[in-house]
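Chain and residue survey
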Amino acid sequence: MSKNDMNDTKNPATETDKSTEPQAKKDTFFDSLVVAVVIAMVIKGLLLQTYQIPSESMVGTLLKGDFILLNRLAYIFSAPERGDVVVFEYPLDPSKDFIKRVIGTPGDKIELKDKTIYVNGVAQPEPYKQVNGIVSMPGELSAKDNFPQFTVPQGKYFMMGDNRDNSYDSRFWGFVDESSIKGHAVLIYWSLKDPEYSSVWSKFPLSMFRFMNPAYDRFDRFFKPIK
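Residues numbered from 1 in each chain as written. Predicted model: local features only at pLDDT ≥ 70, side-chain atom pairs only at ≥ 80, totals over all residues. Heavy atoms only, no water.

We now examine the layout of surface pockets. In this structure, the largest pocket encloses a volume near 220 Å³. Together, Tyr 51, Gln 52, Ile 53, Pro 54, Ser 55, Ser 57, Val 87, Asp 97, Phe 98, Ile 99, Lys 100 and Tyr 168 line the largest pocket. (1 Å grid on protein atoms, 1.4 Å probe; cavity = no way out; pocket = protein on both sides within 12 Å on 5 of 7 lines; lining within 4 Å. Points joined across faces, edges and corners; volume = space filled by probe spheres on them.)

Hydrogen bonds between backbone atoms are what pair the strands of a sheet, whose relative direction is either parallel or antiparallel. Strands sit in the order 7-6-5-8 across an open sheet of 4 strands; the sheet is antiparallel. The outermost strands of the open sheet, each flanked by one partner alone, are strand 7 (122-123) and strand 8 (147-151). Note that strand 5 (residues 109-113) and strand 6 (residues 116-119) share 4 bridges and pair antiparallel. Each residue of the ladder has a partner; that of Leu 112, found in strand 6, is Ile 117. (Pairing = 2+ DSSP bridges. Helix = DSSP H or I, 4+ residues; strand = E, 2+ residues; numbered from the N terminus.)

In this sheet, strand 8 lies alongside strand 5 in antiparallel orientation, the contact comprising 3 bridges. Residue pairing in the sheet places Ile 110 in a bridge with Phe 150 of strand 8.

Moving on: the pairing of strand 6. A one-sided burial pattern is seen for strand 6, the buried positions being Ile 117 and Val 119 and the unburied ones Thr 116 and Tyr 118. Here strand 5 folds back onto strand 6 in antiparallel fashion, the turn holding 2 residues, of which Asp 114 has a positive phi close to 50°. In this sheet, strand 7 lies alongside strand 6 in antiparallel orientation, the contact comprising 2 bridges. Pairing of Tyr 118 across the sheet is with Ala 123, part of strand 7. (Buried < 20%, exposed > 50% of the residue type's maximum accessible area, 1.4 Å probe, protein only.)

Let's shift gears to a nonpolar patch on the surface. A contiguous nonpolar surface patch, about 450 Å² in accessible area, is contributed by Leu 47, Leu 73, Ile 76 and Phe 77. The residue Ile 76 is located in the loop between strand 2 (66-71) and strand 3 (85-90) in this model. (Patch = residues over 30% accessible without salt bridge, like charges linked within 9 Å, V, L, I, M, F, W, Y side chains within 5 Å. Areas by Shrake-Rupley, 256 points an atom, 1.4 Å probe, with all protein chains shown as cover. Salt bridge = Lys/Arg side-chain N within 4 Å of Asp/Glu carboxyl O.)

Bringing unusual backbone geometry into the picture now. Even without glycine at this site, Lys 115 takes up a positive phi of about 75°. With respect to the helices, strands and loops of the structure, Lys 115 is situated in the loop between strand 5 and strand 6. Owing to a relative accessible area of 10%, Lys 115 belongs among the buried residues under this scheme. Unlike most non-glycine residues, Asn 120 shows phi in positive territory, near 55°. Mapped onto the fold, Asn 120 is located in the loop between strand 6 and strand 7. With relative accessibility at 43%, the residue Asn 120 sits in the partly exposed group.

Applying the stated rule across the entire model yields 14 salt bridges. Note that Lys 96 is salt-bridged to Asp 93, the shortest N-O span being 4.0 Å. Assessed through its relative accessible area of 43%, Lys 96 is described here as partly exposed. Each member of the salt-bridge network shares a partner with another, and the members are Lys 115, Lys 144, Asp 145 and Asp 165.

Glancing now at the nonpolar core. Tyr 51, Ile 53, Met 58, Leu 62, Ile 68, Leu 70, Val 85, Val 87, Ile 99, Ala 185, Ile 188 and Ile 226 together form the largest nonpolar core, which totals 12 residues. At the level of elements, strand 2, strand 3 and strand 11 (181-191) are the ones that each hand at least two residues to this core. Sequence-distant contacts of Met 58, that is, excluding residues within four places in its chain, are made with Val 85, Ile 99, Lys 100, Arg 101, Met 160, Gly 161, Asp 162 and Asn 163. Listed in part, the 11 residues of the second largest apolar core include Tyr 90, Val 102, Met 159 and Ile 181. (Core = buried A, V, L, I, M, F, W, Y, C linked by side-chain atoms within 4.5 Å. Contact = heavy atoms within 4.5 Å.)

Turning next to the environment of Lys 156. By the element assignment, Lys 156 lies in strand 9 (residues 156-160). Between the C-alpha atoms of Lys 156 and Phe 175, which are 19 residues apart in sequence, the distance is 5.9 Å. Setting aside its immediate chain neighbours within four residues, Lys 156 contacts Gly 104, Thr 105, Pro 106, Phe 175, Val 176 and Asp 177.

Our focus in this paragraph is empty space enclosed by the protein. Counted according to the given criterion, the structure contains 1 cavity of 30 Å³ or more. Lining the largest cavity we find Leu 112, Lys 115, Lys 144, Asp 145, Met 160, Arg 164, Asp 165 and Arg 171. Residues that form the lining of the largest cavity fall into these classes: 2 nonpolar, no polar and 6 charged. (Nonpolar A, V, L, I, M, F, W, Y, C, P; charged D, E, K, R; others polar.)

Spelled out as structure tokens, the structure:
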């Protein structure tokens, strides 16, 4: 056999290996993509959950249009603490989720005097609280500004919104079961302001794309911890 014949001879195994390289790379990329999607779904389903704030009951901390992350594992090995902002099932309709602040934990003695919360006899500073400054309503008429001292039962929590004069909370519908608490609100990852009623951006379908107009994105609230 001549030298030229030897050079012209092709190795079938080598050809097969080269022909499978592109497909192997495609399969590896697809497998990685599937794994990444599965991990993201697991994280979202088990660890984190997203919510959009629909009302102004937490103004002072959260604004209508804030998008938040909820840590679903926060209370697996520990109980909610006083001051935590939590999402829970609304006791009168478990199909709805509410977000409020924990004011009273099991065993706490809670009292409201002229819009000031007392826990175990101590007035709470509550720097996040928003009130309108109007004269307090007597407790005989409403529990909004005044109610007598009571003890939070075991396994229950007393919740209030930070926007005290515009919040529908435990003052009106009672306690929240510990089992109904879904997690701890930890981060605002995006915030989108509603356009003015008279704005063209308030009209469908532009209302869906208002995030494209910087006037409606609250950039200063992006990735802001919830305290």
